[in-house]
Amino acid sequence: MVSALSLSSALLLAAPLTRASRCTGYTLGGSTTSRSPPTPASTISVCTVTPLGWGRDDAPQIMAAAEACGEDGVIELPAPYVYTISSRLYMKLVRATLNVFGTLSFTPDLGYWIDNSHRIEFQNQSTAWIVEGEDYVITGGGWQQGGILGNGQAWYGRAAGQSNQFGRPICLSLVNSTNATVKDFTVRQGQFWTFYLQDSYDIKLTGIYINGTNTDPAAGAAGLNYEVNVDGLDSIRVNGLTTADWVFHGGDDCLAPKGNSTNMVFRNMTCVGGGIAFGSIGQYATAPDYIANNISPKYGGAGVSGGAYFKSWVGVAEGSPPQGGGGGTGRVWNITFDNLRVENTTKAVYVNKCYYKVADQANYCDTSTLQFSELSFHEVSGYVSSPYGVSFNCSGAAHCDDITITDLDLTYSGAEAGIYCDNKSVTDSVYRYGNESQTGYGLGKR
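This is a predicted model, so every value here is computed, not measured.

Caption draft 1: Here's a closer look at the overall build of the chain. If you tally the helices and strands in the chain, you get six helices and 32 strands. Within the chain, the fraction of its 446 residues that count as buried is 54%. Long-range contacts, defined as pairs at least 24 residues apart, comprise 73% of the intrachain contacts of the chain with a sequence gap of at least 6.

Okay, structure coming up:
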C-alpha cells in the first residue's frame, strides 16, 4: 500500500498519449527540413515530478523524468512547487518539452558546486546544468513565472568583484543542440553566466527575464561590482541564434557572442548593467575567432560601459585562461544595430583593441590582429557619461574597415557627444548626424 506522502513525492508517469492527439498546436523550434523524424507509431509520454520536500535533492528524480520522457515526451515541473537542486543536472531531449512552471532552486553549497559542477571547454568554466539534443522546448510558462533561482548572492559575496572564479557554475548550458528553444523563462540571482551555448545550431531564447541584482551593502561600501560575471548569454561555435523580448539586469555582458558565433538576431532587448559585447575574442592563440552576420533591431542599454561593444585581446599571450591568454586572431564583420538607445552608459558604441587580464599585457595594446569590419549603427540615441559617445580605438596591426553610423543623437552634459577614432586605424568610414555626413578618418569629434 502506497501512502499519500510517498505518492505525492513519486515520479508520476501519465498514460501515453498518441502523437496526433497530444501535438495539436505544439510548435517545435527551427526549420522543418533539419528535424529528425520521430519513430513510427511513437507516442508522447508525460512525466510529472513533484518535490521530495524537506530540503531533499530533486535533481535525481528530474533527470529520471528526462530519461523516461525526454524523447517524444513532456516533462512537467508544475507551479507553485520549488524544487531543491543540490547536485548537477544533465539531460538529453529529443522532440521533447520541459515545462519548468515551478522553480528550480540551486543550493548555495559552494563547496559542492566548485568540486562537482560539469566542466566546459571554454576557459575551464563550470556549469550546473547541461541540456543537449534536438527539436526541444524548455519553457517557464509565462513572463516572470517558472525558471531558476540560483541563490547567487553567496557567489557574489565570495567573488567580491573578482571575475572568473574557478568552479562558479553557469546556470544552464545548451550544448550539441539543434532547433532548441527556451522561452518565457525567468532566472533570478543566477550563480554566474545565465546561459551558455556551445556547438549548436538554430537556437532561440525568447521572453527571457534575468535579474542578478546584488543585495550585499558591502559592495557599495567597497566600491566593487559584486554582480561581475552575471552575464545573460555567452556562446561559442553557434550558427543561427535568436534572442528576443529580454529584460536583463546584471553586472556584466547582457549578451556576449564569442568565437565562431554566426547568423544571429537580437531583437527587442532591454539590458541594464551590461550591454551587447562581441567578445572577448582573440584569447586563444591557436584558435581563430570569427563572428559574422548579426542584426540587432530595437535594443536599449542603461548604466553600463557601453551599449554595443567589441573586445579583442592583445596580440601577445600571457598567462592561462580564464585570467590570461591573448595572441589570437580572427575577424568580426557584417554587424548591424538599428534603433540603439542608451541611458547613462559610458559610451554607446566602442571597440576595445586592448583587452587583457595580465598587467604586463597593457604594454601591447596595439598588437591585436583581430579585424573588425562592416559595422553599421543606425538611429543611435540617448545620453552618455563621457565626452565621446562612440569610440573606435582599433589596433594598428589590424585596421577597422567600413564603419557606418547614421542618425546619431547622443548627448553628454547637455551637449553633443563626439566620435573618437584612432587615426591610424579607422578607414572608409561614414558618420552622419541627420543629413550631415563625413567620410574618412580622423581623431576627435565627427
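Caption draft 2: Quick look at the pattern of salt bridges. Counted by the stated rule, this structure contains 10 salt bridges. Between glutamate 121 and arginine 237 there is a salt bridge, with its nearest N and O atoms 2.6 Å apart. Of this pair, glutamate 121 sits in the loop between strand S10 (118–119) and strand S11 (126–127) while arginine 237 sits in strand S17 (residues 233–249), and the two are 116 residues apart along the sequence. Note on arginine 237: relative accessible area 31%, which makes it partly exposed. Notably, a salt bridge pairs aspartate 253 with lysine 311, separated by 3.3 Å at the nearest N-O pair. A residue pair is termed long-range when its members are at least 10 positions apart, and aspartate 253 in the loop between S17 and strand S18 (255–257) and lysine 311 in strand S22 (residues 306–313) qualify at 58 residues. Judged by its relative accessible area of 9%, lysine 311 falls in the buried class. It is possible to trace a salt-bridge network through shared partners that takes in Glu71, Asp72 and Arg95.

Caption draft 3: Seen up close, the sheet that holds S11. Ordered in space as S10-S11-S14, the three strands form an open sheet in which the pairing is mixed. Both edges of this open sheet fall to S10 and strand S14 (169–170), since each of them pairs with a single strand only. Pairing of S10 with S11 involves two bridges; the strand directions are antiparallel. Across the sheet, residue arginine 119 finds its bridge partner in S11, namely serine 126.

Caption draft 4: Quick peek at the state of the cysteines. With the rule as written, the count across this model stands at four disulfides. Each sulfur in the disulfide pair cysteine 47 and cysteine 69 lies 1.9 Å from the other. Looking down the S-S bond of the cysteine 47 and cysteine 69 bridge, the torsion is 65°, so its handedness is right-handed. With cysteine 47 in strand S4 (residues 46–49) and cysteine 69 in helix H3 (residues 59–69), this residue pair connects regions lying 22 residues apart in the sequence. Cysteine 69 shares its class with cysteine 47; the two are buried. The disulfide partner of cysteine 394 is cysteine 400, and the gap between their sulfur atoms is 1.9 Å.

Caption draft 5: Region of interest: the pairing of strand S9 (residues 103–106). Judged from the four bridges that link them, strand S6 (residues 82–85) and S9 form a sheet pairing that is parallel. Residue isoleucine 85 lies in a different strand from S9, and its bridge partner there is phenylalanine 106. Judged from the three bridges that link them, S9 and strand S13 (residues 147–149) form a sheet pairing that is parallel. Looking across to S13, one finds that leucine 104 is bridged to isoleucine 148.

Caption draft 6: Here's a closer look at the packing of aromatic side chains. Under the counting rule described, the total for this entry stands at 21 aromatic pairs. Here the aromatic rings of phenylalanine 106 and tryptophan 113 are separated by 5.8 Å at their centres, their planes lie at 55°, and the arrangement is tilted. What makes phenylalanine 106 buried here is its relative accessible area of 0%. Note on tryptophan 113: relative accessible area 1%, which makes it buried. Seen in terms of ring centroids, phenylalanine 278 and phenylalanine 337 are 6.1 Å apart; in terms of plane orientation they differ by 85°. Their pairing is edge-to-face.

Caption draft 7: Region of interest: the environment of threonine 50. Tracing the backbone shows threonine 50 in the loop between S4 and H3. Expressed as a C-alpha distance, the spacing of threonine 50 and isoleucine 62, which sit 12 residues apart in the sequence, is 9.1 Å.

Caption draft 8: A look at the layout of surface pockets. Considering only enclosed or pocket space, the largest pocket measures out at about 470 Å³ in volume. For the lining of the largest pocket, a count of residues per class yields eight nonpolar, 13 polar and seven charged. The space that makes up the second largest pocket amounts to roughly 230 Å³. Every element with two or more residues in the lining of the second largest pocket is listed here: S17 and strand S20 (276–281). Of the residues that constitute the lining of the second largest pocket, the class distribution is six nonpolar, six polar and four charged.

Caption draft 9: A look at the nonpolar core. Trp129 and Phe195 are the most contacted members of the largest nonpolar core, which has 85 residues in total. Not counting chain neighbours up to four residues away, the residues in contact with phenylalanine 195 comprise Ile170, Leu172, Val182, Phe185, Val187, Leu205, Ile208, Ile210, Gly232, Leu233, Asp234 and Trp246. In this structure, Ile120, Phe192, Trp193 and Tyr196 belong to the second largest nonpolar core, which totals seven residues.

Caption draft 10: How the structure looks around the side chain of glutamine 61. Structurally, glutamine 61 is set in helix H3. For glutamine 61, a relative accessible area of 11% puts it in the buried group. A distance of 2.8 Å separates a polar atom in the side chain of glutamine 61 from the backbone oxygen of threonine 50.

Caption draft 11: A look at unusual backbone geometry. Residue proline 80 is bonded to the preceding alanine 79 through a cis peptide linkage, with omega at 5°. In this structure, the amide linkage connecting glycine 279 to the following residue, serine 280, adopts the cis form with an omega of 10°. Positionally, serine 280 belongs in strand S20. Non-glycine residue aspartate 72 carries a positive phi angle of around 55°. For aspartate 72, the position within the fold is in the loop between H3 and strand S5 (74–77).

Cut-offs used in this document
- Residues numbered from 1 in each chain as written.
- Predicted model: local features only at pLDDT ≥ 70, side-chain atom pairs only at ≥ 80, totals over all residues.
- Heavy atoms only, no water.
- Helix = DSSP H or I, 4+ residues; strand = E, 2+ residues; numbered from the N terminus.
- Buried < 20%, exposed > 50% of the residue type's maximum accessible area, 1.4 Å probe, protein only.
- Contact = heavy atoms within 4.5 Å.
- Salt bridge = Lys/Arg side-chain N within 4 Å of Asp/Glu carboxyl O.
- Pairing = 2+ DSSP bridges.
- Disulfide = S-S within 2.5 Å.
- Phe/Tyr/Trp six-rings, centres within 6.5 Å; stacked < 30°, edge-to-face > 60°.
- 1 Å grid on protein atoms, 1.4 Å probe; cavity = no way out; pocket = protein on both sides within 12 Å on 5 of 7 lines; lining within 4 Å.
- Points joined across faces, edges and corners; volume = space filled by probe spheres on them.
- Nonpolar A, V, L, I, M, F, W, Y, C, P; charged D, E, K, R; others polar.
- Core = buried A, V, L, I, M, F, W, Y, C linked by side-chain atoms within 4.5 Å.
- Polar contact = N/O pair within 3.5 Å; in protein donor to acceptor, adjacent residues only side chain to side chain.

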